[in-house]
Each structure stands twice: as C-alpha cells, then as structure tokens.
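Understanding the architecture of this molecule
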Amino acid sequence: MSDNQPVTVVITGASGSIYGVRLIENLLEAGKGVNLLISDPGFIVLEEEMGISWKGDELSVNQLVREYFNTDKELIYFDNSNYFSPLASGSSGRGTMVIAPCSMGTIGRIASGISANLIERAADVVLKEKGNLVLLPRETPLNAIHLENMLMLSRMGARIVPAMPGFYHKPQTMDDLINFVVGKLLDQIGIEHDLVKKWGAEASATE
Ligand SMILES: Cc1cc2nc3c(=O)[nH]c(=O)nc-3n(C[C@H](O)[C@H](O)[C@H](O)COP(=O)(O)O)c2cc1C
C-alpha cells in the first residue's frame, strides 16, 4: 500500500474482537493511520471476550482507544452515528476498509445497501468508489443467506478473508493462530509484515 491514507478498521459484534485489535496494533506499528469504527454489539463482544470497556461519547472513546494503543494522533475513533465523518462520503477518496471481525448481520446489511449507520454507509462508499473493502466473516456453520451475501459482495470486489487459520505453519500458541489470520488481512491491503512465515521462504533461503 503506497499511499499515506489511513486504513479504516471496523470491529463488529462477531466473535473474534482480538482480530480487529491485533490488526490495529500492526497498522500503527507499520506507521499507518487508523480510522476506527465499532458497532454497539462490537463493544459488547470486546468486553465479553477481551475485558475491554470503551464506553462513552465519541470524545471519551477516542481517549480510551488512544490510551489502550498507546498512541496519539494516528488513531481516530468515529461514533457509528457520525455521518459528518469523512468516511461517510466518497469525496474523501476511495478508501481502504477492513471489517474484522465481521458479523453476518453487518455482511447482510452491506450486501443490501442499507447504509443506516456510519459503518454500513462507509462500506457502501468504499464499494461505490471501487476502493478496497476487506471482510473477515466469523460464523459457523454458514447458512445460504450468509453464503449468498458473501458471494454478492465478492462479485462487487470486496475481499472475503474468513477467520480460518491454516495449520501448515505449525502454530504453537493462540497468538500464532491469530497472527496467521491478521497476516492475511495485511496481505490484502499491501502492508508488509512478519506475522507468519511465507510458504516456501525457508526452502528458497537455503537454495
Ligand atoms: C459474545 C457474542 C458473540 C457473537 N458472535 C457472533 C459471531 O461469531 N458471528 C455473528 O455473525 N454474530 C455473532 N454474534 C451476534 C451479533 O453480535 C449480532 O447479530 C449483532 O446484531 C451484530 O451486529 P453488528 O453487525 O452491528 O455488530 C455474537 C454476539 C455475542 C454477544
């Protein structure tokens, strides 16, 4: 990713808030700015799975997330009702947006073009401007509605990166599994990382 535009990271109410949190850590480490959006169920799952409680108005949550990630200005949180955010309009550029984790509800609403909150509107904008929309769906098993919605979004150019770690890199810890999935997200938006060894890297190093 050559431009210096921030990446929009969205945490929805699917299981796996850690994917969004780990993604933000890696983006900040790579020197990328981050625009952060969180759905109401996203806050609930963050608290349930990670014990993270980011409550309050837009200003308070901004302070809390900047403290959590130990950063100052590269990270901006937008309330999900803030249509005055630049993310609500195509005039701010095509955009790169990663929804991690992405609930089936959010997938369905994006696929239907509902745009009833900033997350849905911002995703709609990225699709209409032919930017880079990356979705990390988390549900199992998947029903035909989930599959059809993902197919529709994939045909529109969204990248579907399911939370499906591989095991060929011989993961030893939960971190290894999380990093594998987050590495796949970073690959889709062109951010260099060393979260997981590239397949064949050892073989070519010994050639
Ligand atoms: C602890 C917890 C885990 C959940 N896990 C999932 C999940 O993995 N996938 C999913 O699609 N929904 C999951 N849900 C349900 C969603 O949060 C719910 O459908 C919500 O309306 C999604 O809203 P959002 O898309 O605006 O975040 C979970 C809910 C809770 C409380």
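See the structure printed just above.
Residues numbered from 1 in each chain as written. Predicted model: local features only at pLDDT ≥ 70, side-chain atom pairs only at ≥ 80, totals over all residues. Heavy atoms only, no water.

The next thing to look at is the packing of aromatic side chains. Applying the stated criterion across every chain, the model contains six aromatic pairs. Measuring from ring centre to ring centre gives 4.9 Å for Tyr 68 and Phe 69, while their planes differ by 75°; the resulting arrangement is edge-to-face. Given the relative accessible area of 37%, Tyr 68 is considered partly exposed. Members of the aromatic cluster, joined through ring pairs, are Trp 54, Tyr 68 and Phe 69. (Phe/Tyr/Trp six-rings, centres within 6.5 Å; stacked < 30°, edge-to-face > 60°. Buried < 20%, exposed > 50% of the residue type's maximum accessible area, 1.4 Å probe, protein only.)

On to the pattern of salt bridges, then. Following the criterion strictly, the structure yields eight salt bridges and no others. The shortest N-O distance in the salt bridge between Arg 22 and Glu 25 comes to 3.5 Å. Of the two residues, Arg 22 and Glu 25 both sit in helix H1 (residues 17-29), three residues apart, roughly one turn of that helix. Of the residues examined, Glu 25 reaches a relative accessible area of 32% and is grouped as partly exposed. Between Arg 22 and Asp 175 there is a salt bridge, and its shortest N-O distance comes to 2.9 Å. With Arg 22 in helix H1 and Asp 175 in helix H7 (residues 174-188), the pair connects residues that are 153 residues apart, well separated along the chain. Residue classification places Arg 22 among the buried positions, given a relative accessible area of 12%. (Salt bridge = Lys/Arg side-chain N within 4 Å of Asp/Glu carboxyl O. Helix = DSSP H or I, 4+ residues; strand = E, 2+ residues; numbered from the N terminus.)

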